[in-house]
Every structure is written in C-alpha cells, then in structure tokens.
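Summary of structural features
Read off the chains here:
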Amino acid sequence: MCYHYSINKTATEIAERYNILPRLPQIDPFPVHYHTNGFDHEYLPIVLQNVKEGDLNIDFMQWGMVPAWVKGEEHASGIRSKTLNARYETIDVKPSFKHAFKYRPCLVPATGYFEWMHYNGKKYPFFIFVPDMEIFSFAGIWDEWISEQTGEILHSFAIITCEANRLTSKIHNARKRMPVILDPQNENEWLMADEIPKKKALLKPFDSSRMNAYTISRLITDRNRDSNIPGVVRPFKYPELNDLELSG
DNA sequence: CCAGACGTTGTT
DNA sequence: GTCTGG
DNA sequence: CCAGACGTTGTT
DNA sequence: GTCTGG
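Now for a description of the structure that goes with this document. (Residues numbered from 1 in each chain as written. Chains lettered and ligands numbered in written order. Predicted model: local features only at pLDDT ≥ 70, side-chain atom pairs only at ≥ 80, totals over all residues. Heavy atoms only, no water.)

Once that is clear, we can look at the packing of aromatic side chains. Throughout the structure, instances matching the rule amount to 15 aromatic pairs. Residues Phe236 and Tyr238 carry aromatic rings whose centres are separated by 5.0 Å and whose planes lie at 65° to one another, so their mutual orientation is edge-to-face. Residue classification places Tyr238 among the buried positions, given a relative accessible area of 6%. Put simply, the rings of Tyr5, Trp63, Tyr113, Phe136, Phe138 and Phe157 touch in pairs and so form one group of aromatic residues. Between the NZ or CZ atom of Arg104 and the centre of the ring of Trp142, over which it lies, the distance is 4.6 Å. (Phe/Tyr/Trp six-rings, centres within 6.5 Å; stacked < 30°, edge-to-face > 60°. Buried < 20%, exposed > 50% of the residue type's maximum accessible area, 1.4 Å probe, protein only. Lys NZ or Arg CZ within 6 Å of the ring centre and 35° of its normal.)

Below, the structure is given as structure tokens:
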C-alpha cells in the first residue's frame, strides 16, 4: 500500500529529471512535499504523455482517483479516499480502474514513501527510498472527471500496488503490499504500451537490493503540527528497535 | 431484468 | 475493541 | 494508513 | 460507464 509519500523537489527539478524542459516558466513555483497524506487529496506533480505532440508533460492532479462516470460532488468526494491505490492484480477488471488502466497511464514522481512497522503492539514510521534515484516513479493511472454542478474539470490519480519485496515486507510485517516503482528504462514503456499483458508485466515489485529505509519521528502524523517540513524525512532512532535487521 | 455499487488496507 | 474522519 | 472517538438529553 | 447480486 502507499498512502503517504514524499516529492520534495520543485517542478523545475522534476521536469529536468524527465527531460521536460520547454514549459518550465509555467510550472514553477510549486510547493515541495516532504510529506503528502493521501487523505488530504493534494495537487501533486504527475508526468504523462502529451497525446498531440507525443512528448512528456507535467500536470498537477489530486491524489485519489475520481472515475469519469461518477455522478455528483458528494459521490466524488466519497470515492476518492478509496481510490488512492489500485491493486495491479485486478486493475484491468475493476469498473473504477479499467478504463484509466487502458488509456491513461502516468508516472508519479517521488523521492520516497512512508510505511508503518507494527512491533510489540506499537507502530513505527519508516521512510523508504531508492538510493540510486533521487526522483523515482510510481506507476499510476489518472482520469478526468467533470462536475455536473460547476462544469469544473478534475484530474486525479491513483498509485498502483503489488506484492511487497523483501525489504518492504519486513517493514510491513503483516500484509505485504508496496507501490509499483518503475525502473527508469520501463517508464516510457509504461506510458506507451497498449497491450494489457505488456502493461501488467511492468507492474512488479521493485528490486529490494536497490531500496533502503530508516525510521523517522512521529511528527508525520502529529495533527497539531505541519508535517510538510524537512524534519519529517530525517532519520530518528527508536532504542527499542536497535536489534532490528532490515538488510538481512 | 433492475438496483446499487464501483476501493484498499489489515487481521494472532 | 472497533468505527469514523482525514 | 493513523488518530481519535466511542453517548444522551435538551437547547438562547 | 459497467459489473454484481438478487
């Protein structure tokens, strides 16, 4: 699963990472997100294929995908907390996701994500990242929803999940899921492929040996403070976890 | 056929 | 313990 | 996912 | 819009 992640880079830096240079003036300034909570449905930078010109573009979409067929604002705000993630196993058959899976793939730029380990009855937050990629991509899907009431257009997205790999299943010691992270050489393929088996073949757990993680402070879920600050991704030690071995 | 849902996570 | 709201 | 509530009566 | 349960 993945309900909390980090993209603490400016839109300009993200554009450079994906070789999207020409449109820079339009997309900055944009706030960085040391921590975004899915249930806040923030606007976040998304990379997608520009249908007309064929090159990549950045758009800003709300996390929590509202499918195009949803009727009414109330229904839209009700469903988006349940569509933060989409299971890869059923993404091609679920009514909420199959259309977006077929026609609207996207990359979700990230610098890391957050997960809680359950240990002796307590929960410990971890920051999980890919040391060899400052910005990496979750595989995502998006959709366009138009409000009947206001005519307003909403672009929103979901992050695809798969079974956890070795590292992430140790942090998730109960149920084992993780967001799909794409190898950079597969990013374009994810945006371009049009055969369902080809697309599903890309949705695999990322190489555990290329990932790393450490504990962070409980500031991340402190409701009395803004968690979107650098301190939220800084290492924080819990003495009772000292014996824990993540790499083995 | 119609009505109603449409989703994920976690669980010693 | 379990549900709800964010 | 986590944090926080979890109930009723009567109401200027 | 499309699927599922009754």
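Now for the protein's contact with DNA strand C. Close contacts around DNA strand C come from Phe39, Asp40 and Arg223, and that covers them all. Backbone atoms, meaning sugar and phosphate, form 9% of the atoms of DNA strand C found within 4 Å of the protein. Arg223 places a polar side-chain atom, nitrogen or oxygen, 2.8 Å from a base nitrogen of DNA strand C. (Near = heavy atom within 4 Å. Polar contact = N/O pair within 3.5 Å; in protein donor to acceptor, adjacent residues only side chain to side chain.)

Our focus in this paragraph is the pairing of strand 4 (residues 56-63). Taken across its eight residues, strand 4 has six buried, putting it largely inside the fold. With seven bridges joining them, strand 3 (residues 43-49) and strand 4 adopt antiparallel strand pairing. When the bridges of strand 4 are listed, Leu48 appears paired with Asn57. Where strand 4 and strand 10 (residues 153-163) come together, two bridges link them in parallel fashion. Its bridge partner lying in strand 10, Trp63 is registered against Phe157. (Helix = DSSP H or I, 4+ residues; strand = E, 2+ residues; numbered from the N terminus. Pairing = 2+ DSSP bridges.)

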